[in-house]
Amino acid sequence: MINNPEVYFFYFFASIIVGSALFLLITKNVVYSAFALLSTLLGVAGLFVLASADFLGIMQIVIYIGGVLLLFMFAIMFANKLTGQHYIITEHKNLLSGIILGIVVFIIFATAILNAGYKEQLSYYPDKGTVSGIGVELMTSYVLPFEFAGVFLFVALIGASIVAGYLIKDKIKK
Amino acid sequence: MIPSTHFLIIAAFLFSIGIIILIIKRNAIAALMGIELMLNAVNINLVVFSNLNRQMDGQMFVIFVIVVAVAEAAVGLALLLQVYKSYKTSDLDKISKLKG
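The following refers to the structure shown.

Rules and cut-offs
Every chain is numbered independently, its residues counted from 1 as its sequence is written. Lettering for chains starts from A, numbering for ligands starts from 1, and both go in the order in which the items are written. Totals for whole chains, interfaces and linings use all residues, but because this is a predicted model, local features are given only for residues with pLDDT of at least 70 and pairs of side-chain atoms are given and counted only at 80 or more. As a rule here, side-chain values cover all heavy atoms of the structure and leave hydrogens and water aside. Helix and strand assignments come from DSSP, with helices taken as H or I runs of at least 4 residues and strands as E runs of at least 2, each series counted from the N terminus. Throughout, the radius of gyration refers to the C-alpha atoms, and the reference size of a globule is 2.2 Å times the residue count to the power 0.38. When checking whether two residues touch, look at their non-hydrogen atoms; a contact exists if any pair is within 4.5 Å. For accessible areas, the Shrake-Rupley method is used with a probe of radius 1.4 Å. Any residue's cover is judged against the shown protein chains and nothing else. The convention is simple: Lys and Arg are positive, Asp and Glu are negative, and His and the chain ends are not counted. A charge is said to be at NZ when it belongs to Lys, at CZ for Arg, at CG for Asp and at CD for Glu. Only protein chains enter the accessibility calculation, which uses a 1.4 Å probe. A residue is then buried if its area is under 20% of the maximum for its type, exposed if over 50%, and partly exposed in between. When two components associate, each loses some accessible surface as probed by a 1.4 Å sphere; the sum of these losses over both components is called the buried area. By salt bridge we mean one thing: a side-chain nitrogen of Lys or Arg within 4 Å of a carboxyl oxygen of Asp or Glu. Think of a polar contact as two N or O atoms within 3.5 Å of one another; within protein, one of them needs to be a possible hydrogen donor and the other a possible acceptor, and neighboring residues in sequence only count if both atoms come from side chains. Throughout this description, the term nonpolar core refers to a set of buried Ala, Val, Leu, Ile, Met, Phe, Trp, Tyr and Cys residues connected via side-chain atoms within 4.5 Å. Think of a patch as exposed residues, more than 30% relative accessible area, with no salt bridge, where like charges cluster within 9 Å and nonpolar side chains (Val, Leu, Ile, Met, Phe, Trp, Tyr) cluster within 5 Å. Here an axis means a line fitted to C-alpha atoms, over the contact stretch when the element is a helix, while the angle between two N-to-C directions is reported on a 0 to 180 degree scale. Angles are sorted into four bins: roughly parallel if under 35 degrees, roughly antiparallel if over 145, roughly perpendicular if 65 to 115, and oblique for all others. Should the near helix be turned counterclockwise from the far one by less than a right angle, the crossing is left-handed, whereas a clockwise turn marks it as right-handed.

### Quick notes on the overall build of chain B
- The secondary structure content of chain B amounts to three helices and one strand.
- Listed by position from the N terminus, the elements making up chain B come as β-α-α-α.
- Here chain B has a C-alpha radius of gyration of 17 Å; the compact-globule value for 100 residues is 13 Å, and the former is much larger.
- Projected onto its principal axes, the C-alpha positions of chain B cover 50 × 25 × 20 Å.
- A separation of at least 24 residues holds for 58% of the contacts in chain B among residues at least 6 apart in sequence.
- A total of about 3,700 Å² of accessible surface is found on chain B, and carbon and sulfur atoms cover 68% of it.
- In chain B, 8 side chains carry a positive charge and 5 a negative one; their mean positions are 10 Å apart.

### Focus: the overall build of chain A
- Helix and strand counts for chain A come out as six helices and one strand.
- Scored against the burial criterion, the 174 residues of chain A give a buried share of 36%.
- Of the contacts made within chain A by residues no fewer than 6 positions apart, 64% connect residues no fewer than 24 positions apart.
- With an accessible surface of roughly 10,300 Å², chain A has 74% of that area assigned to carbon and sulfur atoms.

### Considering the interface of chain B and chain A
- Listed as interface residues are 65 residues of chain B and, on the opposing side, 82 residues of chain A.
- Summing both sides of the interface, chain B and chain A together bury roughly 7,200 Å²; the carbon and sulfur share of this comes to 79%.
- Where chain B meets chain A, there are one salt bridge.
- Here chain B is connected to chain A by nine residue pairs in polar contact (both at pLDDT 80 or more).

### Regarding the environment of G165 of chain A
- For G165 of chain A, the position within the fold is in helix α6 (residues 143–173).
- Separated by 22 residues in the primary sequence, G165 of chain A and V143 of chain A place their C-alpha atoms 32 Å from one another.

### Observations regarding the nonpolar core
- Ranked by size, the top nonpolar core spans 69 residues in total, and within it F7, I29, M33 and I44 of chain B carry the most contacts.
- Of all the secondary structure elements, the ones that give two or more residues to this core are α1 (5–26), α2 (30–50), α3 (54–83) and α5 (131–139) of chain A together with α1 (4–24), α2 (28–53) and α3 (57–87) of chain B.
- Non-local contacts of I44 of chain B, meaning those with residues more than four positions away in its chain, are made with V44, L47 and F48 of chain A together with F7, A11 and L14 of chain B.
- A160 and A164 of chain A together with A74 and L81 of chain B belong to the second-largest nonpolar core, a separate cluster that totals five residues.

### So, the side chain of R26 of chain B
- Inspection of the secondary structure assignment puts R26 of chain B in the loop between α1 and α2.
- Residues contacting R26 of chain B, with those up to four places away along its chain left out, are T90, E91, K93 and N94 of chain A together with S90, D91, L92 and D93 of chain B.

### Quick notes on the pattern of salt bridges
- Under the defined criterion, the tally for this structure stands at two salt bridges over all chains.
- When the shortest N-O distance is used, the salt bridge between K93 of chain A and D93 of chain B registers 3.3 Å. Here K93 of chain A, found in the loop between α3 and α4 (95–116), pairs with D93 of chain B, found in the segment after α3, and the two come from separate chains.
- Taking the relative accessible area as the measure of exposure, K93 of chain A reaches 32% and is therefore partly exposed.
- In this structure, a network of salt bridges that share partners links the residues K93 of chain A together with R26 and D93 of chain B.

### Some words on a nonpolar patch on the surface
- Together, L96, I100, V104, I108 and F109 of chain A make up an exposed nonpolar region whose accessible area comes to about 470 Å².
- Judged by its relative accessible area of 66%, L96 of chain A falls in the exposed class.

### Considerations on the packing of α1 of chain B against α2 of chain B
All names here are of chain B.
- Where α1 meets α2, the axes come as close as 8 Å, and the angle between the chain directions of the two elements is 165°. With respect to each other, α1 and α2 are oriented roughly antiparallel. Both α1 and α2 take part in a crossing whose hand is left-handed.

### Side note on the packing of α2 of chain A against α2 of chain B
- It is at 11 Å that the axes of α2 of chain A and α2 of chain B come closest, and there the two elements cross at 5°. Between α2 of chain A and α2 of chain B, the crossing angle belongs to the class labelled roughly parallel. The residues of α2 of chain B that touch α2 of chain A, namely those facing V30, S33, A34, L37, T40, L41, V44, L47 and F48 of chain A, are I29, M33, L37, N40, N43, I44 and V47 of chain B.

### Overview of unusual backbone geometry
All names here are of chain A.
- Residue S52 is not a glycine yet carries a positive backbone phi of 50°.
- Mapped onto the elements of the fold, S52 is located in the loop between α2 and α3.
- For S52, a relative accessible area of 10% corresponds to the buried category.
- The backbone phi angle of N94 is positive, close to 55°, even though this residue is not glycine.
- With respect to the helices and strands, the residue N94 is situated in the loop between α3 and α4.
- The exposure class assigned to N94 is partly exposed, which follows from its relative accessible area of 43%.

Written out as structure tokens, the structure reads:
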């Protein structure tokens, strides 16, 4: 069954995802969990590429690893200064109910997936990019959501900078 | 050729890990990380079914999901900084002023 190289790459990225997600679950240091989130998102980008969505893989790396992780690190560092701790250790509470709920959700999803009878195999086109297709779709049938996403990001940017900006202004005054 | 079930199982695993993180971690930043994991699991599913359907619709939806996730993370972390400023803590159980 295993005779194509992309299967090996799939298991490589899947083991990255599983390992770093479990580390993100068990670690108590928030900085460590930010870096575990980084490698999890890197593995998800690899899965996107293997599902022949190469533009989304690059977008995942640029946006999540370049932008969102930096935002998380900034938030951790700001919180660090205000609470006066050297590093942030989070607590684990509700352990039993959380783990039971997670396992039950996983079992429900897994039985639903395995009983659905998806026999299809993902097709991988190494020589066919999706960038031009996504560009054409964005400019024809998705032009209204595209413009709305632009306005939405603008509103979120202004809101976030105003909400967080008061904090920095107060810190400068002190 | 990778079986699509393996992708879906990985996505389900990621989603349940996100739920566990959201419930057991008491730091607000860590809880936001759990939400990001759940959004990524949904994105994997959308990409897989877009590939099976030979259409672009799933990938377009993933783009908009990523946009919303980024906006949510930015606004959530900005609100979190204000919460830190007033409560001097990040513990979700200690932010309980609205509790009756």
